[in-house]
Structures are given as C-alpha cells and as structure tokens.
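Structural overview for review
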Amino acid sequence: MKKKILNTYLILGVSGIVLLACTKDVDFNQVDDFEVSPVVESSLIFLNEPANQFYENNAEVTTVQDSVLIDVFEDQFVQDYLVKAAFFFETQNSINRSFQLRVDFLADADVLVHSFDYTVPSSPNNAVLNSNYTEVFEGDDLVSLKATRKLIFTLSLLDGTPINENTPGTINMKSKGTFYLNIDDTL
Amino acid sequence: MMRYFWPIFFLTGLTYTQNKQVLYGFSEIPQSLIQNPGAKVNNNGYFGIPLLSHVHVNAGTSGVSVYDLFADDGVDFNSKLERIVYDLRPNDFFTVNQQLEIFSGGFAYGPSYDKNAYISFGLYQELDAILYFPKDYAILVYEGNQNNINRPFSLDHLNGAAELISVLHVGYNKKVNEKFTFGVRGKIYSSIINLNSTDNNGVFVTREGDNNVYDHVFDIDMSLKTSGLVNLTEDSDFETKDLIRQIPFSGNLGLGIDLGFTYQINKQWYLDGSLLDLGFIRHSKDVENHELEGDYVFEGINPIFPEVGTGQTADEYWTEIEEEFVDLFTLDTTTTKYTTWRPLKLNASLNYSFGEKKDEACDCTAQDPEYLNRMGLQLYAIKRPKQPQVALSLYYYRKLFNALSIKASYTIDSYSFSNIGLGVSAQLGGVNFYVMADNFLEYQNIYNAQSVSLQFGFNYIFNKNEN
C-alpha cells in the first residue's frame, strides 16, 4: 500500500513537471500588425518600328491608335492593396520627327478618367536620342487607375518634314509598370 | 484519480516528434511493440483501455519557434516576421503528427513453460502532415520582383503532404532463443484524407528583355493530388460523423509491414532495430488532382503595330496573349489514381544494462539476473519528401520499484541539440499507466520549443510474474 502511495506521488511529481511548463509573454494579436509591401514590376507596351512604317499608300500615317481592354484593376486584391503605381516609358528615337504618345484611361461606359501624354523629341541628324517619361498614380489618380477598364494608346507624329519610304531612323519604345502594394490585416 | 489528470493532459496535449525516443525500448509498455515488433516482451498479455491506450501528439518546426514570432517583446511584428522569412531555408519545415489508439491487445502463446511467441493487434488513427517553408514564394510576396530581376524563383519550394489514416494491424513476435527475438507486423492502411503536393517544379523569373524592359518567364509544372473527403471545387455537407464512419475502411486502402529484431549480445549488452511503415496507399476513390503546367514568356504588348508581319488584328493579338495567360493559370482537374508511400521510419539502439537487482526474499543470485539500470544510444530516421530527418538519442533507464520505471533521454535532431525527454511507466495492480514528453528544457518557455511530443496511455497487463 505504502508503495502505491509513493508511486502515486511520483506520478504526480512527473506530471507536475509537465504542469509547471511555463510560458513567457506572447501576444498572438500581433498578427493584426501584419504588413508586407511588395513592389511588382511588369512590362507594359513596347514598339520598335522604322520610319517607313509610318508611310502607307503613298501618304504619311500621322496617327496610330489602338485600345486594350484591361480587367486587372477590377480585381479585389488590386482594389484593396494597390497603394501607388507608376508607368515608366523609355524611348529611343532616331527619326527626324517628334512624336507624341497619349494614353487615355477609360472606365466603364468609356468614361475618360485619366489621360497623359508625353513628347518624344525629333532627331535632326538621326542620332539615337533617349527620352524618358514617368507617370505616377497616387491619390485621385490612383482611384482613376483602379477604375480603368480600357486603355487607348495614340501615337501621333508632330509637325515636321513628311515621312516617305526612305526616311531614315527608328523609334523604339519600352515601358514598365511599377505597382506598390501594401498587404495588411489579411491573416 | 484519473479525472484529476485530464486537465494536465489537455494542458500539455496542446503542444508536441514523431520520434518516440522515450517509448522506444520501454518494454514495460505494450505500445513499445508498435515501435519495434521484434522488441522484448515481458508480459503474458494485455489490452489497451479503448481510446486511452495510446495518445500521441507532436508538432515541430525547424528553424523557428512560436516565441520567435509572437514574443511580446516590443519588437515590431513585421521585423520579426521579416527576419524569420530571411533566416529560414527551403528545407526548414513544419510538421504535425498525432496518433490515437482505438483499441489494442496482445497475448503470449506457446508451451506453458515457455510462451515464446506473442501476437499483438490493434487499430489506430494517425494524422501526419509536413509542410516545407516555401522560401521563394515568401520572398516574392515579401519583396515582389522589382528587387529580384534575374533571380529565378523556384516553384519546387512549395512542398507538403498531409494524411489522415486508420491503421489496422497484427503483429507476430517470436523469441527464437535467449539471444534472438524477431517480429513482424502487417498493416492495412485506410486513407480517409490525403493531400499531396510533393512534385512541384519550375521557375518564375523576371529578366532584362530584348523587345521590352523585362521578359517575364513562367515555367510551371505543379500539382496537388487529393483523395478522400476532400473536395476543393464543390461544397460538401461534411460532418464529423462521416469522418468517423470512414475510419476503418474508406476504400483508399494500402498495405504495409513493420520489421524488427532484438539481439542479446551478452548478459548486459543488446542490440535492436526496426523498420516501420514499409508500405503504400493506393488512392482510387474520391480522387481529385489539380495540375498547373505551362511555359510562357510575357514581354508586354505591342499595341500599335501588332498587325505588322503576322497579319493578325490588334484584337486577335491581344486575345492571344490573354489566352496564353488563361492557359497558363488554368488548373487541370483530373481523377487519375495515384499511390503514396508511407513515411518509412528506422529505429536502432545499442543498450547496456547494469546494477543487478537484489532479491530480498532469498539471498541468492537469480539464474537470469534482472538489471535495474540501462543506458543506450538510439538512432531514429524518417523519410520525408525532401530528405530524411535523423535524430540521435542517449538514454538512461531505471527501474525504481517493481511497478515503476523511468526513462530519460537526450536527443539531437533537426530541431535542437538540447532535447531532454522524460517518461514514466507505472503499474497499479494490472493497470499500466505511462506518460512521456520531451523538450523539458524548453518548458521554462513552452513557446520557445521548436518541437514537443507527448504520449500517454492506459493498459491492462497480465504480467508473467503475477501471482
């Protein structure tokens, strides 16, 4: 009997060690502070065309326009977490004509919500001229970007010597979008 | 008395290694036969108290503890999270293993003067899950691709498996002679739920482009195989009772075998070892596999001159790009049968017994001396999807009284170099009770433990020397 009591105490003792497991202060509510801010970059539009592409049917094509339907901004994730965006264009022009690139942002029902344009200078001696342009979307502009469902790109030739089949030079344009996200409170 | 113990079990039960280093070789406990079917048996028979004969829970993480992340230390949570994301390697893992014995029993047979064979059997439920740290995915979420141009993000960093199974088993243990005992256990696995995503390949990389600023290269070959009560695409009226009904035989069956032996080198030294869960499960019912496969390089769009050269209109051009993306990210769902292998485990130990027990009733030395102390070295290894996990333990065992034995172990493994385990087995009449846990040094702050394991159970044992 004595042994049994002793055993009981020993078991209690061992269990006691287990029971004495302590914890230091932890605060699981810290997950509420969760926040990550990834920066995602994506190629946007590009073109690389010699001058004579702007010559068609014995006439200069002064304006080229195209539109793209875009649904990425509709996404709830983008709606919630996109905090800033920037479109960056880099152009190399060796054509003796200046260009204007105009980008129109259209919301549902083709309502124009934002627009920007920039001018690519002409290259009188056909040397490659670099020019860059950045459009930043913050505040109201960001709201407009998020409402965008359609983009219209318009490339126009500005005044100058008319282009013919033999006009030298090339226009090269590259672009990327930088999207600043801030993801929080999702855990 | 038991009702006083319950709170303790629940308190400790919340925390948890699949490595049962304390239980292994603890021959007073019938469940040590599950760890080595060729272990020494020193009872005439037993039955486990249903649902209470073996409860095992274990959880572990390598490289990080709960405390590292959630300590209330005034350090900004995101700074801690960031440090963990950058410190952890893709081979670091999170794992959970839980077992509950539903019933079990065993009996010795053979000539009455030498019952040298032993049959044991039972049914237990097991939950096993492992997830490797998806490092590159985490970095991508953390930083985005802007600062990682030309860095390939490895899609194989996503690697994990989870299964809920029941195991019906029968084991045979045979003491061939004084030196050699062997055992074998046949198992029928019944898989209730299986999730397997261990064969992912591919990369995502953003690199300098030719036509545009960047080329975004997608090379994706990923899959998730599921079977059982898993339905990711439809809502199902899942209830716990459906789960319980499926425990014995759900249809996704498998077979396995455990092998083990004990070799008595001399009176004081012995060697033993076992190979467990050498088996497979064939998943043929309720299979749902999801695959994502494709290659695509996105360089942006040329909105103004798409028709040049190819003759397509801008709309067609744009639609083509869109379709490429849709194809790339569309999950193929199939019901192709598949086979999974159970995590194979290896145990081995070298043991030295010492300190002969003095028989007070008769001042004589027994023919077959019983030693009160034992020390040994144990090796444990388990095959995991990426690489085996290995643990090495040093232990000391002491028989305190006839009815009480304790074992302490020191283990080094993937988790730590300071894992102390303790276990006790007590016999109150025919009732055997045992409890064991590890990582005691971390109990000053349980949240700092990278792994904790706990096992306990009750059995009724018919002892050989019972009057």
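To start, this report covers the structure provided alongside it. (Residues numbered from 1 in each chain as written. Chains lettered and ligands numbered in written order. Predicted model: local features only at pLDDT ≥ 70, side-chain atom pairs only at ≥ 80, totals over all residues. Heavy atoms only, no water.)

Here the focus is the overall build of chain B. Counting its secondary structure elements, chain B contains 7 helices and 21 strands. Here chain B holds 467 residues, and the buried ones make up 51% of them. On chain B, roughly 21,400 Å² of surface is accessible, and the fraction owed to carbon and sulfur atoms is 59%. (Helix = DSSP H or I, 4+ residues; strand = E, 2+ residues; numbered from the N terminus. Buried < 20%, exposed > 50% of the residue type's maximum accessible area, 1.4 Å probe, protein only. Areas by Shrake-Rupley, 256 points an atom, 1.4 Å probe, with all protein chains shown as cover.)

To summarise the sheet geometry, strands pair through backbone hydrogen bonds and adopt either a parallel or an antiparallel arrangement. Residues and elements named next belong to chain A. Judged by pairing direction, the sheet is antiparallel, and its 4 strands sit side by side in the order S2-S11-S6-S9 without closing on themselves. A strand with exactly one partner marks an edge of an open sheet, and here the two such strands are strand S2 (39–50) and strand S9 (129–137). Averaged over all pairs of adjacent strands, the angle between their axes in this sheet comes to 15°, without regard to strand direction. Bridge count for strand S6 (residues 82–93) against S9 is 9 bridges, and the pairing is antiparallel. (Pairing = 2+ DSSP bridges. Axes fitted to C-alpha atoms, helices over the stretch in contact; angles between N-to-C directions.)

Time to look at the sheet that holds strand S7 (residues 99–106) of chain A. Residues and elements named next belong to chain A. Strand order across the open sheet formed by 4 strands is S5-S10-S7-S8, with antiparallel pairing between neighbours. Of all the strands in the sheet, just strand S5 (63–69) and strand S8 (112–120) have a single pairing partner and so form its edges. Each strand axis lies, on average, 15° off the axis of its neighbour in the sheet, ignoring direction. Pairing of S5 with strand S10 (residues 150–157), which is carried by 7 bridges, proceeds in the antiparallel orientation. Bridge assignment links Thr-63 to a residue of S10, and that residue is Ser-156.

With that out of the way, let us pick up the nonpolar core. The nonpolar side chains of a soluble globular protein tend to be buried with one another. Formed by 66 residues in total, the largest nonpolar core has its most connected members in A:Phe89 and A:Leu145. Residues B:Leu52, B:Val435, B:Phe440 and B:Leu454 belong to the second largest nonpolar core, which totals 13 residues. (Core = buried A, V, L, I, M, F, W, Y, C linked by side-chain atoms within 4.5 Å.)

Of all the residues in helix H3 (residues 140–147) of chain A, the buried ones are A:Leu142, A:Ser144, A:Leu145 and A:Lys146. Buried positions along H3(A) lie against helix H2 (76–81), S6, S7, S8 and S9 of chain A. (Contact = heavy atoms within 4.5 Å.)

All names here are of chain B. Relative to the helices and strands, Gln-98 is located in strand S3 (residues 93–109). Given a relative accessible area of 19%, Gln-98 falls into the buried group. Side-chain polar atoms of Gln-98 contact the side chain of Gln-125, separated by 2.7 Å. Residue contacts for Gln-98: discarding those within four places in its chain leaves His-56, Val-57, Gln-125, Glu-126 and Leu-127. (Polar contact = N/O pair within 3.5 Å; in protein donor to acceptor, adjacent residues only side chain to side chain.)

Residue and element names in this part refer to chain B. Mapped onto the elements of the fold, Thr-262 is located in strand S10 (residues 252–264). For Thr-262, a relative accessible area of 3% gives the class buried. Looking at Thr-262, its side chain comes within polar contact range of the main-chain oxygen of Gly-38, at 2.6 Å. Ignoring anything within four residues of it in the chain, the contact list for Thr-262 reads Asn-36, Gly-38, Ala-39, Lys-40, Lys-179, Phe-180, Thr-181, Tyr-270, Leu-271 and Asp-272.

On to the environment of B:Ala108, then. Residue and element names in this part refer to chain B. Its location among the elements puts Ala-108 in strand S3. Distance from Ala-108 to Ile-301, taken between C-alpha atoms, is 77 Å for residues 193 residues apart in sequence. Discounting chain neighbours no more than four positions away, the residues touching Ala-108 are Asn-43, Asn-44, Lys-115, Ala-117 and Tyr-118.

All names here are of chain B. Following the criterion strictly, the structure yields 20 salt bridges over all chains and no others. Note that Arg-342 is salt-bridged to Glu-126, the shortest N-O span being 3.6 Å. Note that Arg-342 is positioned in the loop between strand S14 (338–341) and strand S15 (345–356) and Glu-126 in strand S4 (residues 117–132), a separation of 216 residues in sequence. Among the salt bridges present, the one from Lys-187 reaches Asp-258, with a minimum N-O distance of 2.9 Å. Of the two residues, Lys-187 is situated in strand S7 (residues 180–197) and Asp-258 in strand S10; the sequence distance between them amounts to 71 residues. For Lys-187, a relative accessible area of 4% translates into the label buried. Taken together, the salt bridges that share partners define one network made up of Glu-126, Glu-163, Lys-187, Asp-258, Asp-277, Arg-342 and Lys-345. (Salt bridge = Lys/Arg side-chain N within 4 Å of Asp/Glu carboxyl O.)

This part takes up the packing of helix H4 (residues 77–87) of chain B against helix H5 (residues 135–143) of chain B. Residue and element names in this part refer to chain B. One can describe the packing of H4 onto H5 by two numbers: an axis separation of 9 Å at closest approach and a directional angle of 140°. Judged by the inter-axis angle, H4 sits oblique to H5. With respect to the hand of their crossing, H4 and H5 are arranged in left-handed fashion. Taking contact as the criterion, the partners of Asn-78, Leu-81, Glu-82, Val-85, Tyr-86 and Asp-87 in H4 are, on H5, Lys-135, Ala-138, Ile-139, Tyr-142 and Glu-143. In the contact of H4 with H5, the residues fall into 6 nonpolar, 1 polar and 4 charged. (Parallel < 35°, antiparallel > 145°, perpendicular 65-115°, else oblique. Left-handed = near helix turned anticlockwise from the far one by under 90°. Nonpolar A, V, L, I, M, F, W, Y, C, P; charged D, E, K, R; others polar.)

What follows is about the packing of aromatic side chains. Here a ring pair, both rings aromatic, is described through the centre-centre distance and the interplanar angle of the planes. For the structure shown, the criterion picks out 33 aromatic pairs over all chains. Measuring from centroid to centroid gives 5.9 Å for B:Phe70 and B:Phe77, while their planes differ by 35°, and the two rings are tilted. Residue B:Phe70 is classed as buried on the basis of its relative accessible area, which comes to 14%. Judged by relative accessible area, B:Phe77 falls into the buried class, the value being 2%. Look at B:Phe93 and B:Tyr132: their rings are 6.2 Å apart centre to centre, the planes differ by 75°, and that puts the pair in the edge-to-face class. With B:Phe93 in strand S3 and B:Tyr132 in strand S4, this residue pair connects regions lying 39 residues apart in the sequence. Of the two residues, B:Phe93 and B:Tyr132, both sit in the buried class. Taken together, the aromatic side chains of A:Phe73, A:Phe87, A:Phe89, A:Phe105, A:Phe116, A:Tyr118, A:Tyr133, A:Phe137 and A:Phe179 make up a single cluster linked through ring pairs. One Lys or Arg, B:Lys386, reaches over the ring of B:Tyr132 and ends 5.0 Å from the middle of that ring. (Phe/Tyr/Trp six-rings, centres within 6.5 Å; stacked < 30°, edge-to-face > 60°. Lys NZ or Arg CZ within 6 Å of the ring centre and 35° of its normal.)

It is worth spelling out a nonpolar patch on the surface at this point. All names here are of chain B. Taken together, Phe-103, Phe-107, Tyr-109, Phe-121, Leu-168, Val-170, Ile-188, Leu-253, Leu-255, Phe-280 and Trp-341 make up a surface patch of nonpolar side chains, about 980 Å² in accessible area. Where the nonpolar patch is concerned, the elements lending two or more residues are S3, strand S6 (160–175) and S10. Here the nonpolar patch takes 3 residues from S3, the largest share from any one element. For Phe-280, the location among the structural elements is in strand S11 (residues 269–283). (Patch = residues over 30% accessible without salt bridge, like charges linked within 9 Å, V, L, I, M, F, W, Y side chains within 5 Å.)

Structural measurements only, silent on function.
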